[in-house]
Structures are given as structure tokens and as C-alpha cells.
Amino acid sequence: MRDLVTGMSYLVKGQRWVGRNRRRWGFGLLPGLITLIGYAAALTVLVLRADDAVDWATPFADGWGSPWLGLFRGALTALFFGGCLLLALLSFTAVTLLVGQPFYEALSERVDLTEGGSAPSSGLPLWRELWISARESLAVLVRAALWGVLFFALGFVPFVGQTVVPAIGFCVSGFFLTEELTAVALQRRRVALKERLELLRSRKLLVLGFGVPLTLLFLLPLVAVFVMPGAVAGATLLARDLMGETGEDGEPEAGGADVVSAPPASER
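Here the structure is a predicted model, which is why all the values come from computation and not from measurement.

Cut-offs applied
- Residues numbered from 1 in each chain as written.
- Predicted model: local features only at pLDDT ≥ 70, side-chain atom pairs only at ≥ 80, totals over all residues.
- Heavy atoms only, no water.
- Helix = DSSP H or I, 4+ residues; strand = E, 2+ residues; numbered from the N terminus.
- Buried < 20%, exposed > 50% of the residue type's maximum accessible area, 1.4 Å probe, protein only.
- Areas by Shrake-Rupley, 256 points an atom, 1.4 Å probe, with all protein chains shown as cover.
- 1 Å grid on protein atoms, 1.4 Å probe; cavity = no way out; pocket = protein on both sides within 12 Å on 5 of 7 lines; lining within 4 Å.
- Points joined across faces, edges and corners; volume = space filled by probe spheres on them.
- Nonpolar A, V, L, I, M, F, W, Y, C, P; charged D, E, K, R; others polar.
- Arc of directions from axis to C-beta.
- Salt bridge = Lys/Arg side-chain N within 4 Å of Asp/Glu carboxyl O.

Participant: For this particular structure, what's the right way to read the overall build of the chain?
Facilitator: Helix and strand counts for the chain stand at nine helices and zero strands. Tracing the chain from N to C terminus, the helices and strands come up as α-α-α-α-α-α-α-α-α. Residues counted as buried form 44% of the 268 residues belonging to the chain. Split by element, the accessible area of the chain, about 13400 Å² in all, is 70% carbon and sulfur.

Okay, structure coming up:
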């Protein structure tokens, strides 16, 4: 349970860090605001068209009597919209990080400098970093989409679909959200997606302690925008913990980020 509390503490510490560095926080808001406008427009269209989409997908239910037709399609509409919100939550982070790559890279580097005295660098040109980030984010979103399809199907199971499945869904969302955010720091350390996932799985409670509360906060779009810079800062602290760059008491190790060796570019 200690890891669970530690994960939560990194979320708080990240917000405190940007609170002490207001200029970094201000620049970090811009990508989230740009992305939020686009997502708000897309979700508005989705809300207006969700009923039509469910009606089109279930022609076999046209002859059902009342109230079964309304209950069935109403439940499907809720599940459909919930699944879209889940994907929007995960993709919002990925798209925001991609749009704000230079901003968040600089913020993450500054956190490393203040915590360990040095900041690892990938040594790659910006276009290469953007390509790697987009490619790996897409891979994460595909994984999340597969989980979303599974949860959609399990949503039809009586009782379990309305209690256990949503709880597990938040945990899965928290895991993938943490992966997206820690990627900012771990990509600079030349840690590929496969290794990142292994790192996160090795400390599941730490990851969930950070990711699940953040998932709940991100359900409110405006909150997500204002919390994002601090989330990147907190994820950098969490990444340092995963890489063994902090001591057991959470303080920076001697030498800080210099203890991390980067794999060759060919492994990317």
C-alpha cells in the first residue's frame, strides 16, 4: 500500500512544483486549451448524433415494444458515449502531449534539473521525437481501444457490468494515462514503449495511485487543462522513481539522472 500512497503524493508534488514555477505552468496551459477546443466540438457532434448511431446499429430492435426498446437503446447509447469518453480521455492526453511536445519537454527537463541536478537528453532532433511520440501514442491508444471494446461487451453482464467493470475501467484508464505522461520523461531517457510498460507493470500500485485520481480529475475537461502541466511534472517525479533515481525516502540520489544509461538508437 506504500506505493499507492507514494503515487498519489507524486500527483500532489507535481501540482506544487508548477505552483512554484508559474511561468512553466502558464506555457503548459496552451496545448491543453487548443486541444480542448477541438475535443469539445467533436463531443458536441457525438452527443447530437449518438442516438442516431445506436438506432442505425440495432435495426433488429425496431419491432420491440415499449419499454424494452427504449431501455435497450438507452443503455447502448450510455455505453457508447461512455466508451467514447474513455477514448477521449486517453487520446486527449496523447494529443495534448503531442501538440505541446516542446513545452512539456522543457517542463520535464526543468523538473529533472531541480530534483537531480541534471536532465537526460535523447539527443534526437525534434521531428524524430515527434514521430516516435506519435507512433508510440497510437500503439497505446490501440491497446486502450481493445480494452474499451471488452468493457463495452462486459457492460451487458447484469450487476457486474454496472459495478465491477467501471471500477476496473478506471484502473485501466489510470494505467494508460500514467504511461502517456511518464513517456515525456522516459523517452528522453531512450526507454522504448515495451520497456516503459514493463516498468509500469512492475509497480502497479504506484502507477494506479498516480493515474486513477488523475483519471477522475480529467473527467472534467477544464480541470484537465489546468492540471496537465502539474501532471507532467508529477509524472517526471514518478519516472525518476521507476528508474531508481530517487532514494527510498523520495530524495534525489547522488548524481541524479546521470546514473541512467541510454540504449542505442537502433533499439528504438
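Next, the rest of the story.
Participant: How should I be thinking about the layout of surface pockets in this particular structure?
Facilitator: Here the idea is plain: a probe the size of a water molecule rolls over the atoms and shows the empty space left. Counted as a void, the largest pocket has a volume near 730 Å³. Taken together, 30 residues line the largest pocket, and the ones lying closest to its centre are Ala78, Leu79, Gly82, Gly83 and Leu86. Within the residue set of the lining of the largest pocket, elements represented by two or more residues are α2 (22-57), α3 (68-99), α5 (126-154) and α6 (164-188). Classifying every residue of the lining of the largest pocket gives 20 nonpolar, ten polar and no charged.

Participant: So what exactly am I meant to see when it comes to helix α7 (residues 193-202) here?
Facilitator: In an α-helix, one turn spans 3.6 residues, which is why side chains three or four residues apart end up on the same side. Regarding α7, the residues found buried are Leu193, Arg196, Leu197, Leu199 and Leu200. All buried residues of α7 lie within an arc of 160° about the axis, which places them on one face of the element. For α7, the exposed residues set more than 90 degrees away from the buried face come down to Lys194 and Ser202.

Participant: Whenever I open this one, empty space enclosed by the protein confuses me. Can you help?
Facilitator: Within the structure shown, the criterion is met by two cavities of 30 Å³ or more. Taken as a whole, the largest cavity holds about 70 Å³ of empty space. Lining the largest cavity are 13 residues; nearest its centre among them are Ser133, Ser137, Glu180, Ala183 and Gln187. Of all the elements in the fold, those that place two or more residues in the lining of the largest cavity are α4 (101-116), α5 and α6. Residue contributions to the lining of the largest cavity peak at five residues, all from α6. Along the lines of polarity and charge, the residues of the lining of the largest cavity split into four nonpolar, four polar and five charged.

Participant: So what exactly am I meant to see when it comes to the pattern of salt bridges here?
Facilitator: Close approach of charged atoms lets side chains of opposite charge pair. Applying the stated criterion to the full structure yields nine salt bridges. Salt-bridge contacts for Asp112 lead to Arg188; the nearest nitrogen and oxygen are separated by 2.6 Å. Taken together, the positions of Asp112 in helix α4 and Arg188 in helix α6 put the pair 76 residues apart, joining distant regions of the chain. Note on Asp112: relative accessible area 0%, which makes it buried. With relative accessibility at 1%, the residue Arg188 sits in the buried group. Salt bridges sharing partners connect three or more residues here, namely Glu105, Asp112, Arg188, Arg189, Arg240 and Glu245.

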